[in-house]
Amino acid sequence: MKFDHFKLLVDMMFQPDGAGGVSQKYDSVDVKQLSPLVLAYVGDAYFHLFVRTRLLSYEQGKVQALHSFSAQIVSAVWQCRAYQGLEKMLTEEEKGIYRRGRNAKSHAPRSASVAEYHASTGFEALLGSLYLTEQHERLHEIAEAAFNIISRAMMKEIQEKKGNAD
């Protein structure tokens, strides 16, 4: 980002409050009014932190290994598979939030199909909504289920490849 563009963003977002601080634009967050992409933005950050923290149960000394695993787990491909595995445990309201996120207009990266990317956006929107509405128990339950689905599938995939190589 060029400095002029950054300066424009700062000027747009941060306004002086007259007392040497920065004036907030909003006093609260109405989750139902937020764009599903904003929910996904928050959900993505939450899932990244959840996965990184959860991986400490397996490794605590090798940052490169932690980074490699976390990058795989939070990828659109694996999040899509996680959602498919946990969809049956979701309420109708949660499925509706997922659909809003999945159907939001966005551009898929080359590392995932369009369907996988949209599914992962829906999954992240669900996590973001749960986080912002402070449904922390449910959020943890879904994130843990997703982590378990992904880790088991990764292990199975590795074992299958190992078996085919023998």
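What you see is a predicted model; the values in this text were computed from it and never measured.

**Let's talk about the nonpolar core**
The biggest cluster of nonpolar side chains holds 30 residues, and the ones touching the most others in it are Phe47, Val51, Ile73, Leu86, Phe123 and Ile142. Contributing elements (two or more residues each) for this core: helix H2 (36–55), helix H3 (63–73), helix H4 (76–86), helix H5 (92–102), helix H6 (114–132) and helix H7 (136–165). By residue number, the principal contributor to this core is H7, which donates nine residues. Not counting residues up to four positions away in its chain, the partners in contact with Leu86 are Phe123, Ile142, Ala145, Ala146 and Ile149.

**Focus: the environment of Tyr41**
In this structure, Tyr41 sits in helix H2. For the pair Tyr41 and Ala82, spaced 41 residues apart in sequence, the C-alpha separation works out to 18 Å.

**Overview of the confidence of the model for the protein chain**
Mean pLDDT over the protein chain stands at 93; residues scoring 70 or higher make up 99%. Mean pLDDT values over the elements of the protein chain span from 87, in helix H1 (residues 3–13), up to 98, in H2.

**Quick notes on the pattern of salt bridges**
This structure, assessed with the given rule, holds seven salt bridges. The salt bridge involving Asp11 is made with Lys7; its shortest N-O contact spans 3.1 Å. Here Asp11 and its partner Lys7 are both found in helix H1, four residues apart, which amounts to about one turn of the helix. The class for Lys7 is partly exposed, based on a relative accessible area of 43%. Of the charged contacts, one joins Glu157 and Lys161 as a salt bridge, the two residues approaching to 3.9 Å between their closest N and O atoms. In this pair, Glu157 and Lys161 both sit in helix H7, four residues apart, roughly one turn of the helix. Owing to a relative accessible area of 56%, Lys161 belongs among the exposed residues under this scheme.

Calculation notes
Residues numbered from 1 in each chain as written. Predicted model: local features only at pLDDT ≥ 70, side-chain atom pairs only at ≥ 80, totals over all residues. Heavy atoms only, no water. Core = buried A, V, L, I, M, F, W, Y, C linked by side-chain atoms within 4.5 Å. Buried < 20%, exposed > 50% of the residue type's maximum accessible area, 1.4 Å probe, protein only. Helix = DSSP H or I, 4+ residues; strand = E, 2+ residues; numbered from the N terminus. Contact = heavy atoms within 4.5 Å. pLDDT = per-residue confidence, 0-100. Salt bridge = Lys/Arg side-chain N within 4 Å of Asp/Glu carboxyl O.

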